[in-house]
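# Observations on the model geometry
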Amino acid sequence: MPDLKILSALQSPQYRRIFAGQLVSQLGDWLDFVGLLTLVAYVWKGGPAGLAAVAVSQGLVYLIVGPFTGVLADRLHPRISLVGSDLARAGLVLCYLIAPNIPVLLSIMVVKVCFSSLFGPAEMAQIRKIVPEDKLLQASSLSEFVSQATKIGGPAVGGLLVALTSVYTTFVCDSVSYVASAAILMTLRFAAVDRTERERSSMRADALAGLRFIWTRPVLLLGIGSFSAAIFLVFMFDTFVPLALRALSFHPSFLGYAYAFSGLGTGIGVVLVGQWGERVPPLRLMSVSQALVGLLVAGLGAMILARLHNPVIGLFALVVVLGFCASGLLVAFPYLLMRQTPAEMIGRVSAFADFMPTGLQLAGPVVGAAIIAVAGVGWVYAIAGLGLAGLGVVVSLLRLSGTRPGADSEPDAAEPAAEPLAEPAEPVAVLPDANALLPDANN
């Protein structure tokens, strides 16, 4: 049996701690998500407006606050960014227990998401420092695998907790998960931070440096643009999966199963990308993933327009394949981002890299709803799918799509070097080569 290269990043004890923290806190995030939706929709009878307010508020935080917290992640000591954010979120989630109405709940949630927008870039920077470059793809694959695994298990556990106890139990469990994550991350050995240069520069200068860095890296710029366009097209149709299932004459209960099977397909794809993905340049992997997902989605749109009725087994097979094909995009983009960016700039670069996708993520459902109002749900799937496939084909034909990570962006002599680790990196054993993809949700 060949060794799983996706597990090779876990050979680093430092990375194992980050991986354990991801697993615990992301499972808690899904419990929190189920609790929030249940509280707003069923307990307080908030209806569609209340549910939309939850989703839009979270997106707006990342859109407005994200660039600032990204700069902070590069300036603060990582222990403050990581452990401090976890402890702050643990306390804020407990405040959900005493929220009297939706506006107060949303206010608390907004503050909590602000800390999440600080935590994410800081965590990525630590992964960039700790994991050897030849294991970054495996680390990115493992992170996405955790995301998909908790996406399947988290809502199930959250629903069980709500059924057996109450909605408030999910918030307590989420708070405990943040405390556990903080305890794990406290054991990390952080590098000493040289504050001399940071004290000389302003946050504005640091932010401009991040934007300049992206603009001068063609592969990174193309990757961000391609990923942003893909997110817009995906959210044009993904929001309306319940309408698509109804148009195909499936019972509403199949919605949960569809998402679960999609996560299963993505999980399988993530493992395979972690095993053999290094053979394909990340931009090429992204473009192929976009093209395959687009063709499948366009085919689903054609089925809706033709009023075809797929058997249940056919639907489940389709969503598994969709999730499988999407895995290349979900793994390759953060991998490209880490390989192209030095650790000391990851915070601001990743924040700006998320800015455009987040904005387009909010715009996608609006455009999709407008198309449905005029032409119907089938045309949303057909248009978005063909657009996604066309995007993938165009990017794959560009010369830069075949560029290996770092090939066009070797650090200039004038650029600051990455901060050293507090101790020499531990040797990583080389595993023998075997030789021989839907979406994420962050809370």
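Preceding this section is the structure that the text describes.
I will try to describe carefully the structure that is included in this document.

Rules used in this analysis
Numbers given to residues run from 1 along each chain, matching the order in which its sequence is written. Reporting in this predicted model follows two pLDDT cut-offs: at least 70 for local features of residues, and 80 or more for side-chain atom pairs to be given and counted; totals over whole chains, interfaces and linings ignore these cut-offs and use all residues. Calculation of side-chain values draws on the structure's entire complement of heavy atoms; hydrogens and water are dropped beforehand. To qualify as a helix, a DSSP run of H or I must reach at least 4 residues; to qualify as a strand, a run of E must reach at least 2; elements of each kind are numbered from the N terminus. Relative accessibility decides the category of a residue: with a 1.4 Å probe and only protein chains considered, values under 20% of the type maximum give buried, values over 50% give exposed, and everything between is partly exposed. Every accessible area reported is derived by Shrake-Rupley at a probe size of 1.4 Å, with residue values counting cover from the shown protein chains alone. Think of each axis as a best-fit line through the C-alpha atoms, taken over the contacting stretch in the case of a helix, with angles from 0 to 180 degrees between the N-to-C directions. Whether a crossing is left-handed or right-handed is set by the direction in which the near helix is turned from the far one by less than a right angle, anticlockwise for left-handed and clockwise for right-handed. Residue contacts are defined here by distance: any two heavy atoms, one from each residue, within 4.5 Å place the two residues in contact. When residue character is reported, Ala, Val, Leu, Ile, Met, Phe, Trp, Tyr, Cys and Pro are called nonpolar, Asp, Glu, Lys and Arg charged, and the others, Gly included, polar. Put simply, two rings from Phe, Tyr or Trp (the six-membered ring, in Trp's case) pair if the centres are within 6.5 Å, and we call them stacked under 30 degrees between planes, edge-to-face over 60, tilted for the rest. For a ring to carry a charge above it, either NZ of a lysine or CZ of an arginine must fall within 6 Å of the ring centroid while also lying within 35 degrees of the normal to the ring plane. Here, nonpolar core means buried Ala, Val, Leu, Ile, Met, Phe, Trp, Tyr and Cys residues that are tied together by side-chain atoms lying within 4.5 Å of each other. Geometric relationships in this document are graded by angle, where less than 35 degrees denotes roughly parallel, more than 145 denotes roughly antiparallel, 65 to 115 denotes roughly perpendicular, and other angles denote oblique. Nonpolar side chains (Val, Leu, Ile, Met, Phe, Trp, Tyr) are joined into patches within 5 Å and like charges within 9 Å, using only residues with over 30% relative accessible area and no salt bridge. Whenever Lys or Arg places a side-chain nitrogen within 4 Å of a carboxyl oxygen from Asp or Glu, that contact is recorded as a salt bridge. Each helix should span, by expectation, one fewer than its residue count multiplied by 1.5 Å. Distance and chemistry together define a polar contact, namely a pair of N or O atoms within 3.5 Å, with one atom able to donate a hydrogen and the other to accept it when in protein, and with adjacent residues in sequence counting only for side-chain atoms on both sides.

## Examining the overall build of the chain
- Broken down by element type, the chain carries 16 helices and zero strands.
- A total of 443 residues make up the chain; the buried ones form 52% of that total.
- A total accessible area of about 19,000 Å² is found for the chain, and carbon and sulfur atoms account for 71% of it.

## A few points about the packing of helix 14 (residues 312–340) against helix 15 (residues 346–375)
- Their axes nearest at 10 Å, the elements helix 14 and helix 15 cross at an angle of 145°. Two packed elements cross with a definite hand, and for helix 14 against helix 15 that hand is right-handed. Along its contact with helix 14, which presents Phe333, Leu337 and Met338, the element helix 15 presents Ile346, Val349, Ser350 and Ala353.
- Within the contact of helix 14 with helix 15, the residues separate by chemical class into six nonpolar, one polar and no charged.

## What to know about the packing of aromatic side chains
- Under the criterion given, the structure shown has seven aromatic pairs.
- Relative to Phe171, the ring of Tyr168 lies with its centre 6.3 Å away and its plane at 70°, an arrangement referred to as edge-to-face. Of this pair, Tyr168 and Phe171 are both found in helix 7 (residues 167–185), three residues apart, which corresponds to roughly one turn of the helix.
- Here Tyr168 falls in the partly exposed class, since its relative accessible area comes to 30%.
- Each ring, one from Phe237 and one from Tyr381, has its centre 5.3 Å from the other, and the planes form 45°; the classification is tilted. Taken together, the residues Phe237 in helix 10 (residues 218–238) and Tyr381 in helix 16 (residues 377–397) connect sequence positions 144 residues apart. In this structure, Phe237 and Tyr381 share a single accessibility class: buried.
- In this structure an aromatic cluster arises from ring pairing among Tyr96, Tyr168 and Phe171.
- The ring of Phe119 has Arg89 sitting right over it, with the charged end atom 4.6 Å from the ring centre.

## Description of the environment of Ala73
- Along the chain, the position of Ala73 falls in helix 3 (residues 66–75).
- The spatial distance from the C-alpha of Ala73 to the C-alpha of Phe119 is 7.5 Å, given a sequence separation of 46 residues.
- The contacts of Ala73, once residues within four sequence positions are left out, are Ser81, Leu118, Pro121, Ala122 and Gly347.

## Here's the deal with the nonpolar core
- Counting residues in each nonpolar core, the largest one holds 88 residues, and the members touching the most others are Tyr15, Ile127, Met286 and Tyr381.
- The element that contributes the greatest number of residues to this core is helix 14, accounting for 15 residues.
- Those residues in contact with Tyr381 that sit more than four places away from it in its chain are Phe237, Phe240, Val241, Ala244, Val297, Ala298, Leu300, Gly301 and Ile304.
- Of all hydrophobic cores here, the second largest spans 19 residues; its members include Leu39, Val40, Val61 and Val93.

## A word on the packing of helix 3 against helix 9 (residues 203–215)
- Axis separation between helix 3 and helix 9 bottoms out at 10 Å; the angle between their running directions is 100°. By the angle between their directions, the pair helix 3 and helix 9 is classed as roughly perpendicular. From helix 3, Phe68, Val71, Leu72 and Arg75 reach across to helix 9, where they touch Met203, Asp206 and Ala207.
- A per-class count over the contact of helix 3 with helix 9 returns five nonpolar, no polar and two charged.

## Remarks on a nonpolar patch on the surface
- Taken together, the side chains of Ile152, Leu264, Ile268, Leu272, Trp276 and Phe324 define a hydrophobic patch exposed on the protein surface, amounting to about 490 Å² of accessible area.
- Of the residues forming the nonpolar patch, the biggest block, four residues, is contributed by helix 12 (residues 254–276).
- With respect to the secondary-structure elements, Phe324 resides in helix 14.
- Phe324 sits in the partly exposed class, given a relative accessible area of 34%.

## Describing helix 13 (residues 282–305)
- Counted at 1.5 Å a residue, the expected span for helix 13 with its 24 residues is 34 Å, and the 34 Å between its end C-alpha atoms agrees.
- Following helix 13 by one or two positions, Arg307 has its phi on the positive side, about 60°.

## Quick look at helix 10
- Between its first and last C-alpha, helix 10 extends 30 Å over 21 residues, near the 30 Å set by a 1.5 Å rise per residue.
- Among the 21 residues of helix 10, 16 are classified as buried, and the element is accordingly described as predominantly covered.

## Some words on the pattern of salt bridges
- A full pass over the atoms with the stated rule returns nine salt bridges.
- Between Asp74 and Arg348 there is a salt bridge whose closest N-O contact spans 2.7 Å. A residue pair is termed long-range when its members are at least 10 positions apart, and Asp74 in helix 3 and Arg348 in helix 15 qualify at 274 residues. Arg348 shares its class with Asp74; the two are buried.
- Residues Asp134 and Lys135 are paired through a salt bridge, measuring 3.3 Å at the closest nitrogen-oxygen approach.
- What emerges from the salt-bridge pattern is a single network uniting Asp74, Arg75, Asp206 and Arg348.

## Describing the side chain of Arg128
- Within the element layout of this structure, Arg128 appears in helix 5 (residues 102–130).
- Residue Arg128 is classed as buried on the basis of its relative accessible area, which comes to 12%.
- A polar atom in the side chain of Arg128 sits 3.0 Å from the side chain of Glu133.
- For Arg128, the side chain forms a polar contact with the main-chain oxygen of Thr341, separated by 3.1 Å.
- Residue contacts for Arg128: discarding those within four places in its chain leaves Glu133, Leu136, Met338, Arg339, Thr341, Ala343 and Ile346.

## Focus on the side chain of Ser175
- Along the chain, Ser175 falls in helix 7.
- Its relative accessible area of 6% is what places Ser175 among the buried residues.
- For Ser175, the residues in contact, after removing those within four places along its chain, are Ala90, Val93 and Leu94.

## Focus on the environment of Leu222
- For Leu222, the location among the structural elements is in helix 10.
- Considered as a pair, Leu222 and Leu283 are 61 residues apart in the sequence and their alpha carbons are 8.3 Å apart.
- When residues no more than four places from it in sequence are discounted, the contact partners of Leu222 are Leu283, Leu398 and Leu400.

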